[in-house]
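Structural characterization, general
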Amino acid sequence: MSLLNVGKKFFIFCILASSISYHISANKALEIAILNDQNNNGFIDSSSDMTMNLINRKGDVVSRKLRFKRLEVPEDGDKSIAVFESPRDVKGVAILSYAHKVQSDDQWLYLPALKRVKRIASKNKSGPFLGSEFSFEDFSFQEVEKYEYKLIGEEDYLNLKCFVIERTPLDPYSGYTKQLVWIDKENYLIQKIHLFDRKSFHLKTQKFEEYKLYEGFFWQPQKIEMINHQNGKSSILLFENVKLNSGFTDRDFTQNSLKRSR
Amino acid sequence: MSYKYLGVFIAFLCPALIGEIIGEYSLDNRYFFNSGMQGQERNHSSFTLSPEIFLEEENSILHFKPKLRKDNEDNERNLVDIQELYLINLLEDKEIKYGISKEFWGVTETTHRVDIINQTDTAESFDGEDKLGQPMVKVSFEENWGLLDFYALLGFRERTYPGNDGRLRQPMIIDTDNPQYLSSAKNKRVDFAFRWSNYFDQLEIAISHFSGTSREPRFVVSNQNLKEIIPLYEVIDQTGFEFQYLLGSLAIKSEIISRSGQRDRFTAATYGFEYTQVGILSSRLDLGWILEANHDDRLPSSPAVIGSRLTFNDISDTQILTGIIYDERSEEIGILLEASRRLGVCCSLSIEGFYFDDTNEDNEEFKLFQSYKEDDFLRFEFIYYIGD
């Protein structure tokens, strides 16, 4: 066996080993993502009232209120309706979304002053939601299939032992190039996400706080904070009156129901 | 009309009795740079009251929204209207709406070809976006095969026009007190309409048909006074088609109608694009573009519109809209600029400017904006939103 051959074989072995270890880290990461997703499965339907506090650099706070309804769709993404309660000039404006696992979501916007339902391009997802630091994308459901995963390590965060996963959005219209996600090892809940913009700059940090367990299986954070490192502003989303299994049907998530929702 | 008074009565009685009250009060001031062609005043102001009440129970909804408008110059711009007073019943497989309501049909942004359920309140604004409430019974089905609405439209509302002292009016005096109808039932005729719409992935389509009194009148010269014209409301059949296809951030849109009953059958269409750039120049601003062209068999030419919408995505929802209307044949141009933002939690302010220009007065083609020549204006609107 010539030295050259040994070298070649070693080289091939190295490639194989690294690709296997890559697959192991990807598989492990995917497994963690699936375990995390299961915390949010089987709820059938949910509803909640949301308050969104927008905080500027000086610390001034402005509030927005929304009502939110969601229906689980087996084998596909969820259906949801978000209705704006305040500020008063947008009261009754509502968004109907049909999320999909791989293909882009279907979205309709209802403008009560014009009585018009308008199909909107869900591709414009990187823009700010209601003037907040959350984008439309941050508001949509995190279906497992929408990312590619890689386990990059383990780290303690707020006394919780966490996996740190890098996930890459598969949607070319995503506003992010990658996200670092901290998922705790005990309940597989997302604790924090670092969001990297198209220039791979660490633009925002999203923190999930005060998780509460509903019906013994459904974990819901009571507070989600989004900090924008570029402009120094932040937005805090507070959840109230979280209810599961209210008996919603497909009929509560149609264009007609959007017009009735005000 | 007696129901007008009933409406006013309910408007001021109901809030004390029931439900959630929202709505708006607005003050509107239009300043025209020149006196009108018929000597009208330069400053026109009006205020509008439009409270709304909702009452909701399991499987039924009541919505009431009167609208009262008072103008300081133009009596024809005064309005007492019930925009909404309906009850919705949700049944097993359908939804039924009884009462007065507004219904929008269409996909395009600048001209609404297929939208025909409600009468247009052109006295309020010449852009045709403001509508009057229409009495109806609507039955709506929504299944996998789409959304299907059937309408019985009970009675007819006449179109409003600016009066003799109003601006953005036609040179002839429109005698709105003596409209003519082709139907012997006059304004009591029951009209029918349906619309089916559905979406297939990124494609959205709708087909509609309306059979009844035309919302848009033709005009005949008055026998008594040659300076006056009379609106003639004929019975028409109008079939409409709507199309929208989303291609990433680009929406391709089209609305086409074919109408018979007003002399020869004719076709009219609006088609174009809407494109949105999110986060322009790495900022949080969005910039949307609208380009729409028109065709109307009845006109020698129809103007095209290019518009843009700059959205600041700030806490005040600041927006700047610009639009240019251009008619190639008559070489006329109209320029619109509109800026709006929220003030605090209760209010909003918008400033709008409109400028008309005939770029070639030697051009002897039919001029679309001939009668608006002296009507360049700036408009300030302050809105207070009712609520808690």
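Residues numbered from 1 in each chain as written. Chains lettered and ligands numbered in written order. Predicted model: local features only at pLDDT ≥ 70, side-chain atom pairs only at ≥ 80, totals over all residues. Heavy atoms only, no water.

1. Observations regarding the overall build of chain A
- The secondary structure content of chain A amounts to three helices and 13 strands.
- Expressed as a percentage of its 262 residues, the buried residues of chain A come to 54%.
- In chain A, 39 side chains carry a positive charge and 34 a negative one; their mean positions are 6 Å apart. (Helix = DSSP H or I, 4+ residues; strand = E, 2+ residues; numbered from the N terminus. Buried < 20%, exposed > 50% of the residue type's maximum accessible area, 1.4 Å probe, protein only. Lys, Arg positive; Asp, Glu negative; His and termini not counted. Charge placed at Lys NZ, Arg CZ, Asp CG, Glu CD.)

2. With respect to the overall build of chain B
- A count of helical and extended segments in chain B gives one helix and 22 strands.
- Taken against the 2.2 N^0.38 rule, which gives 21 Å for 388 residues, the C-alpha radius of gyration of chain B at 22 Å falls within 12% of a compact globule.
- Out of the 388 residues in chain B, the part that is buried amounts to 50%.
- In chain B, the proportion of contacts linking residues at least 24 apart, taken out of those at least 6 apart, comes to 55%.
- Taken as a whole, chain B presents about 18500 Å² of accessible surface, with 57% of it coming from carbon and sulfur.
- The centroid of the 38 positive side-chain charges in chain B is displaced by 4 Å from the centroid of its 66 negative side-chain charges. (Rg over C-alpha atoms; globule rule 2.2 N^0.38 Å. Contact = heavy atoms within 4.5 Å. Areas by Shrake-Rupley, 256 points an atom, 1.4 Å probe, with all protein chains shown as cover.)

3. Some thoughts on unusual backbone geometry
- Residue Pro87(A) is bonded to the preceding Ser86(A) through a cis peptide linkage, with omega at 5°.
- For Pro87(A), the position within the fold is in the loop between strand E3 (79–86) and strand E4 (94–98).
- Residue Lys115(A) is not a glycine yet carries a positive backbone phi of 55°.
- In the Ramachandran plot, Asn313(B) falls in the positive-phi region, its phi being about 55° despite a non-glycine side chain.
- We classify Asn313(B) as buried; its relative accessible area is 9%.

4. What to know about the interface of chain B and chain A
- Taken together, the 55 residues of chain B in the interface contact 39 residues of chain A.
- Its largest share of buried area at the contact with chain A, chain B owes to Glu142(B), Tyr199(B) and Arg284(B), together 15% of the area lost on that side.
- The interface formed by chain B and chain A holds eight salt bridges in total.
- Its salt-bridge partner being Glu204(B), residue Arg119(A) comes within 2.9 Å of it at the nearest N-O pair.
- Summed over the shared surface of chain B and chain A, the result is 27 residue pairs in polar contact (both at pLDDT 80 or more).
- At four residues, the largest contribution of residues to the side of chain B that touches chain A is made by strand E4 (residues 79–90) of chain B. (Buried area = accessible area lost by both parts, 1.4 Å probe. Salt bridge = Lys/Arg side-chain N within 4 Å of Asp/Glu carboxyl O. Polar contact = N/O pair within 3.5 Å; in protein donor to acceptor, adjacent residues only side chain to side chain.)

5. Considerations on the pattern of salt bridges
- Scanning the entire structure with this criterion turns up 47 salt bridges over all chains.
- Of the charged contacts in the structure, one is a salt bridge between Glu109(B) and Lys253(B), with a shortest N-O distance of 2.8 Å. Taken together, the residues Glu109(B) in the loop between strand E5 (95–101) and strand E6 (134–143) and Lys253(B) in strand E15 (residues 250–261) connect sequence positions 144 residues apart.
- When its relative accessible area of 15% is taken as the criterion, Glu109(B) is described as buried.
- Taken together, the salt bridges that share partners define one network made up of Arg116(A), Lys118(A), Glu109(B), Lys253(B), Glu274(B) and Arg309(B).

6. Some remarks on the side chain of Ser235(A)
All names here are of chain A.
- Summarising the element assignment, Ser235 is placed in strand E13 (residues 234–244).
- The class for Ser235 is buried, based on a relative accessible area of 1%.
- A polar atom in the side chain of Ser235 sits 2.9 Å from the backbone nitrogen of Glu133.
- The contacts of Ser235, once residues within four sequence positions are left out, are Asn53, Leu54, Ser132, Glu133, Phe134, Ile224, Glu225 and Met226.

7. Quick notes on the pairing of strand E2 (residues 43–57) of chain B
All names here are of chain B.
- Summarising the sheet, strand E1 (residues 20–32) and E2 pair through 12 bridges and their orientation is antiparallel. Each bridged residue has a counterpart across the sheet, and for Ser26 the counterpart in E2 is Thr48.
- With nine bridges connecting them, E2 and strand E3 (residues 60–71) associate as antiparallel partners. In the strand pairing of E3, Glu56 is matched with Ile61.
- Linking E2 to E3, which pair antiparallel, is a turn of two residues; within it Asn59 sits at a positive phi near 65°. (Pairing = 2+ DSSP bridges.)

8. Description of the nonpolar core
- Of all hydrophobic cores here, the largest spans 42 residues; its most connected members are Met52(A), Phe84(A), Phe129(A), Phe139(A) and Leu237(A).
- If one sorts the elements of this core by residue count, E13(A) sits on top with four residues.
- For Phe84(A), the residues in contact, after removing those within four places along its chain, are Lys65(A), Leu66(A), Val90(A), Lys91(A), Gly92(A), Val93(A), Ile95(A), Phe129(A) and Leu130(A).
- One finds Trp105(B), Ile116(B), Leu153(B) and Phe266(B) within the second-largest nonpolar core, a separate group that totals 13 residues. (Core = buried A, V, L, I, M, F, W, Y, C linked by side-chain atoms within 4.5 Å.)

9. Re the packing of aromatic side chains
- On inspection of all chains with the given rule, the structure shows 27 aromatic pairs over all chains.
- Aromatic pair Phe354(B) and Phe356(B): ring centres 4.9 Å apart, planes at 25°, arrangement stacked.
- Overall, Phe356(B) belongs to the buried group, its relative accessible area being 7%.
- One aromatic cluster is present, formed by Phe32(B), Phe126(B), Phe354(B), Phe356(B), Phe369(B), Tyr372(B) and Phe377(B) through successive ring pairs.
- Sitting over the face of the ring of Phe196(A), Lys178(A) holds its NZ or CZ atom 4.7 Å from the ring centroid. (Phe/Tyr/Trp six-rings, centres within 6.5 Å; stacked < 30°, edge-to-face > 60°. Lys NZ or Arg CZ within 6 Å of the ring centre and 35° of its normal.)

10. Regarding the confidence of the model for chain B
- For chain B, per-residue confidence averages 92 on the pLDDT scale, and residues scoring 70 or more make up 95% of the total.
- Listed scores for the predicted complex are pTM 0.89 and ipTM 0.91. (pLDDT = per-residue confidence, 0-100.)

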